[in-house]
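# Breakdown of the fold
Now for the letters of each chain:
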Amino acid sequence: MAAVRALLVLTVVLGVAYPLAVFAAAQLPGLKSRADGSIVKTADGREAGSALIGQSFTDKDGNPLRQYFQSRPSEAGSGYDPTSTAASNLGPEDIVDTLPGPETAAAGESARLSLLTRVCSRSKAVGALEGVSGARPFCTPGGVGAVLAVFGRRAADGTVPHPTRVVSLNEEQGVVKAPFIAAYKGVPVEPARPGANYADGLVVPVRGGAPADPAVPADAVTASGSGLDPHISPAYAALQTGRVARARGVTPGQVKRLVQASTDGRDLGFMGEPRVNVLRLNIALDRKYPVRG
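Residues numbered from 1 in each chain as written. Predicted model: local features only at pLDDT ≥ 70, side-chain atom pairs only at ≥ 80, totals over all residues. Heavy atoms only, no water.

## Considerations on the overall build of the chain
Under the convention used in this document: Counting from the N terminus, the helices are the DSSP runs of H or I reaching at least four residues and the strands are the DSSP runs of E reaching at least two. With the radius of gyration taken over C-alpha atoms, the globule rule is written as 2.2 Å times the number of residues to the power 0.38. Relative accessibility under 20% of the residue-type maximum defines a buried residue, over 50% an exposed one, and the middle range a partly exposed one, all with a 1.4 Å probe and only protein chains included. Between two residues, a contact is recorded if the distance between any of their heavy atoms is within 4.5 Å. Only the protein chains shown count as cover for residues, and the accessible areas themselves come from Shrake-Rupley with a 1.4 Å probe. Charge assignment in this entry is limited to Lys and Arg as positive and Asp and Glu as negative, and neither His nor the chain termini are counted. Charge positions are represented by NZ for Lys, CZ for Arg, CG for Asp and CD for Glu.
Along the chain, the regular secondary structure elements total seven helices and 10 strands. Over its C-alpha trace the chain gives a radius of gyration of 25 Å, far above what one expects of a compact globule, namely 19 Å for 293 residues. By principal-axis analysis of the C-alpha atoms, the chain measures approximately 75 × 70 × 40 Å. Counting over 293 residues, the chain shows a buried share of 35%. Relative to all contacts within the chain whose residues are 6 or more apart in sequence, the contacts with residues 24 or more apart total 57%. For the chain, the exposed surface amounts to about 16700 Å²; the carbon and sulfur share of it is 58%. Computing the positive centroid from 31 side-chain charges and the negative centroid from 25, the chain places the two 7 Å apart.

In structure tokens, the structure reads:
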């Protein structure tokens, strides 16, 4: 009987009273919109999405729509999938691609891009879209990680002072015309053969001559931990302003004012960083400066 009474009391308190209290609190002014999903509507009243969940602004082929601000990359499912929220689970030491090849297939593996190459390729694409340099440290001009495998006798400190062979690990033979550098310590650099095993070589990242502060911001080339981040940095928004203004036939100053209106400051004035809600900004653009034709 004691167990039955406990079951009845807990059912009433936790199964009825508590959910009703939470529901009632969610209806208070300032909380109701968030409780309802923070849905953002277009000028004609259609639901465009949630201000709390990012989305892509691309055509059917995945190409960026030039009249819209682009979100940061997403690793959640096929992109911004709330049912598959996740990051790539790749860390800063993930710098070598797995190229396709017979040995790779025989081992039950598939071709895989390293985190470094993902960052490099995104930076190159964003740079081309925005008309700026997409160069970054440790990236090749072709948009892959600039990483060598250096073969030869190793010194006591682990280096290879006199290499006998050097391979550009992320540049595939038959795909690139020539490696990103012709020679390393006097030894010609060769592209990698798909499926070849270069585990005996010393992995050497090459920084290159890219500036320490690239033109393409970090949030333009890295995904958030959830894969659902609806915001971009003011720096990434500023980079896109000129393109969006040209696509809509307005001045950059007009677009900048909408960016400022869609920028949230630090929480409580000191937590986090200023951020721009991409969906709200794009809806505001459609309302004020619709694309003609």
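## Here we look at unusual backbone geometry
With phi around 55°, Tyr80 is a residue other than glycine that occupies positive phi space. Looking at the secondary structure, you find Tyr80 in the loop between strand E2 (47–50) and helix H3 (102–106). In the Ramachandran plot, Lys185 falls in the positive-phi region, its phi being about 55° despite a non-glycine side chain. By the element assignment, Lys185 lies in the loop between strand E5 (183–184) and strand E6 (187–192).

## With respect to the side chain of Arg122
Here is the rule we go by: Identification of polar contacts relies on pairs of N or O atoms within 3.5 Å, with a donor-acceptor requirement for protein atoms, meaning one able to donate a hydrogen and the other able to accept it, and with residues adjacent in sequence counted only if both atoms are side-chain atoms.
Inspection of the secondary structure assignment puts Arg122 in helix H4 (residues 115–130). In this structure the side chain of Arg122 is engaged in a polar contact, spanning 2.7 Å, whose partner is the side chain of Glu75. Discounting residues that sit within four places of it in the chain, Arg122 has contacts with Pro73, Glu75, Ala220, Val221, Thr222 and Ala223.

## Points about the packing of H4 against helix H5 (residues 234–248)
To keep it simple, the criterion reads: Note on geometry: axes are lines fitted to C-alpha atoms, helical ones only across the stretch in contact, with angles between N-to-C directions running from 0 to 180 degrees. We call two directions roughly parallel when the angle between them is under 35 degrees, roughly antiparallel when it is over 145, roughly perpendicular when it lies between 65 and 115, and oblique otherwise. Under the convention adopted here, Pro, Cys and the residues Ala, Val, Leu, Ile, Met, Phe, Trp and Tyr are nonpolar, Asp, Glu, Lys and Arg are charged, and Gly plus all remaining residues are polar.
It is the contact of H4 with H5, at a shortest axis distance of 9 Å, that shows an interaxial angle of 40°. By the angle between their axes, H4 is oblique relative to H5. Taking contact as the criterion, the partners of Val126, Leu129 and Glu130 in H4 are, on H5, Tyr236, Leu239, Gln240 and Arg243. Within the contact of H4 with H5, the residues separate by chemical class into four nonpolar, one polar and two charged.

## Focus: helix H7 (residues 278–288)
Those residues of H7 that fall on the buried side of the exposure criterion are Val278, Leu279, Leu281, Asn282, Ile283 and Leu285. Of the surrounding elements, those touching the buried residues of H7 are strand E1 (39–41), E2, strand E8 (231–232), H5, helix H6 (252–261) and strand E10 (275–277). Where H7 begins, the capping side chain belongs to Asn277, and its oxygen is found 3.3 Å from the backbone nitrogen of Leu279.

## Quick look at the environment of Glu47
In this fold, Glu47 is placed in strand E2. Between the alpha carbons of Glu47 and Arg118 there is a distance of 32 Å; along the sequence they are 71 residues apart. Look past the residues within four positions of Glu47 in its chain and what remains in contact with it is Ile39, Val40 and Lys41.

## Re the sheet that holds E10
What counts, and what does not: We call two strands paired when DSSP finds no fewer than two bridges between them.
A sheet is described by the order of its strands in space; here three strands give the open sequence E8-E10-E9, paired in antiparallel fashion. Since the sheet does not close on itself, it has two edges, and those belong to E8 and strand E9 (263–264), each with one partner. Where E9 and E10 come together, two bridges link them in antiparallel fashion. If you follow Thr263 over to E10, its bridge partner there is Val276.

## As for the sheet that holds E6
The strands making up a sheet associate through backbone hydrogen bonding, with each pair oriented either parallel or antiparallel. Sheet architecture is open: five strands sit in the order E5-E6-E4-E3-E7, paired in mixed fashion. On the outer flanks of this sheet lie E5 and strand E7 (202–205), each paired with one strand and no other. Here strand E3 (residues 147–151) runs beside E7; their pairing, made up of four bridges, is antiparallel. Paired with Val147 across the strands is Pro205, a residue of E7.

## Comments concerning the environment of Ser50
By secondary structure assignment, the location of Ser50 is in strand E2. Under the relative-accessibility criterion, Ser50 is labelled buried at 13%. From its side chain, Ser50 meets the backbone nitrogen of Leu52 in a polar contact 3.0 Å long.

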